[in-house]
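Breakdown of the fold
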Amino acid sequence: MHPTTQKPRVAKNPLQSHWLHNLPLDRLPSSPPPSSAFHFDVAIVGAGLSGFSTALHLSRLSRGTLRIAVLDARGVAGGASGRNGGLVRPGVPGAFESVVALHGREEAQRLGRFEFDSVAAMQQFVSECGDDTEWTELKKGGFKALSTIDNRAEIEKDIHDWEAAGCDIQAHLVSREQVVQLTGCKVNRNVTHGAVQFREWRVNPAKLVLAIASSTLRENANAYFYKECFVEKVVPDPTRNLFSLETSKGSFFARKVVYATNAWTSAILPELEITPVRNQVICTVPSSNPFWKDGMFAFIANAGREYMSGRGDGRIVLGGMRYLAEQEDFGCDRDDALNKTVSAALKQYLPSKFHGFENEQVAVEREWAGIMGFTADKTPFVGSLEAIGRGKEFVIAGFCGHGMTRCFLSGRAVAEMVLGLPISGNFPRSYLPTAARIAGPSRNHYKLEEYGHSFGAEKQTIKRHTRSKLPLYALVLLSVAAWLHWFLCKL
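Since the model is a prediction, treat every value here as computed from it, not as a measurement. (Residues numbered from 1 in each chain as written. Predicted model: local features only at pLDDT ≥ 70, side-chain atom pairs only at ≥ 80, totals over all residues. Heavy atoms only, no water.)

What about the nonpolar core?
Within the largest apolar cluster, 78 residues are counted, with the highest numbers of intra-cluster contacts made by Ile 44 and Phe 52. Ignoring any residue separated from it by four or fewer positions in sequence, one finds Ile 44 in contact with Gly 51, Thr 54, Ala 55, Leu 58, Ile 68, Ala 69, Val 70, Leu 71, Val 258 and Ala 260. (Core = buried A, V, L, I, M, F, W, Y, C linked by side-chain atoms within 4.5 Å. Buried < 20%, exposed > 50% of the residue type's maximum accessible area, 1.4 Å probe, protein only. Contact = heavy atoms within 4.5 Å.)

Shown next, in the form of structure tokens:
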């Protein structure tokens, strides 16, 4: 299947994820139909983690006085929020010195601290709301495998630099032998240099969004949720100082609009180039593997392109490997279909990479796809669209696969901007949708191998094993150069 170059479309029959299966949506109250005589203060397009985080913070900051409508073409966590790997792993945006060179030290510190602050705020919400979200800190933590091209000394220095900048990373290096002992992984090129061990949590992401939605609607009697409400276009009505949201359920009217649409943003806001990228995930049946039975660790390999976690009941959730798809499935918005090559590789992964599966067949209980939203500079768009003359419209989208750790406090920042309040905390100013960013590099200029996260070989080219061919190319070039040198000397 070739990636689409058209504007992203919401698939009508997406594959159901493990998280969305039997999600108790009956706890949400019904909402009245739209009416031209009634308008909202804020309409939020998108009912995922970013959309409902924004709604929750708007409700709390306004003490429940704002009239809020949350609209979604599907339902609660119907997009990437309910279709990811169920892991919460705060990280930093890259090598400390590189980030400082690009953004300056103050912004680098904000970028480094923000995800950890957001996870802490989300954890506090979970402890206070009382709803079951399956939020659990992994006792063994997460392990990010290091290969032969990773420099342990540089990584150790980078961890120290970020911690000195105020980031509560709590990461350290472990040996290859320790990784094998703790996780049961087989020794291969991905773990030759051991791993980085760090704090990590698992969660049912759909239940988390449902808990945020429930709290929002419970705390604010003026907040409403409209599912299966596809927003076709947003039209300003200057005579009434309102926006008209034309939807599959009729017209909604609001004074301000927030687009929490992530991968589908460019369909309604073509000015913002956010590219949909498909990722695939499987969930196994309960396993008797002693390493995975308690589900108290997560494992990340291949520069973050393979990630997995035990769920505490013997099930294992494994995702990634999109490097096996054409163009890594950049531009693909099909979460109603699977890439067969990626699907087959995911099903073969666990017994080939981990001990303990010799006497059992790893059966897949459920398999699905999720659509991430990627920006050209690997940084989300969060804030007012005033730069393009749309000051009463806001965006919170383009999280590049790291929305679980960024959305909650990004939602608070958007809520503060909507209300005209000062932005609090360590919100990164580089998230703001400035004119320069909006007019920046085209989606056609992506370097696929440069997307990654902290600590390790994020820029290695792993797609289709092209790295193994480089020596051959080099020999050919050297041979041609030698021949040219000989030929010129003969002239």
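So that's the structure; there's more coming.
Some remarks on the packing of aromatic side chains
Within the structure shown, the criterion is met by 18 aromatic pairs. Chaining the aromatic ring pairs together yields one cluster made of Phe 38, Phe 40, Tyr 224, Tyr 226 and Phe 252. Seen from the ring of Phe 38, Arg 67 lies directly overhead, with NZ or CZ sitting 5.7 Å from the centre. Against the face of Phe 253 rests Arg 240, its NZ or CZ located 4.8 Å from the ring centre. (Phe/Tyr/Trp six-rings, centres within 6.5 Å; stacked < 30°, edge-to-face > 60°. Lys NZ or Arg CZ within 6 Å of the ring centre and 35° of its normal.)

Some words on the pattern of salt bridges
Taken as a whole, this structure holds 24 salt bridges when the rule is applied. Two residues, Asp 335 and Arg 74, come together in a salt bridge whose shortest N-O distance is 2.8 Å. Of this pair, Asp 335 sits in the loop between strand S16 (316-320) and helix H8 (340-353) while Arg 74 is found in the loop between strand S2 (68-71) and strand S3 (87-88), placing the two residues 261 residues apart along the sequence. When sorted by exposure, Asp 335 lands in the same class as Arg 74, which is buried. A salt bridge links Arg 278 to Asp 329, with the nearest nitrogen and oxygen atoms 2.9 Å apart. Placement of Arg 278 in strand S13 (residues 275-284) and of Asp 329 in the loop between S16 and H8 is noted, with a sequence separation of 51 residues between them. The burial state of Arg 278 is the same as that of Asp 329; both residues are buried. (Salt bridge = Lys/Arg side-chain N within 4 Å of Asp/Glu carboxyl O. Helix = DSSP H or I, 4+ residues; strand = E, 2+ residues; numbered from the N terminus.)

Examining the sheet that holds strand S8 (residues 201-202)
Reading across from one edge, S3-S8-S4 is the order of the three strands in this open sheet, with antiparallel pairing throughout. Strands at the two margins of the open sheet, each flanked by one partner only, are S3 and strand S4 (136-137). Bridge analysis of S3 against S8 gives two bridges, and the strand direction is antiparallel. For Leu 87, the partnering residue across the bridge sits in S8 and is Arg 202. (Pairing = 2+ DSSP bridges.)

Focus on the sheet that holds strand S6 (residues 172-174)
Strand order in the open sheet formed by eight strands is S6-S7-S5-S14-S15-S16-S13-S17, with mixed pairing between adjacent strands. Since the sheet does not close on itself, it has two edges, and those belong to S6 and strand S17 (364-374), each with one partner. Neighbouring strand axes in the sheet, compared pairwise and without regard to direction, differ in orientation by 20° on average. Against the sheet, helix H4 (residues 152-164) makes contact with S6 and strand S7 (195-198), and its axis sits at roughly 155° relative to S6, the strand it touches most. Across the sheet, helix H5 (residues 176-183) lies against strand S5 (141-145), S6, S7 and strand S14 (297-301), angled at about 130° from S14, the strand it touches most. (Axes fitted to C-alpha atoms, helices over the stretch in contact; angles between N-to-C directions.)

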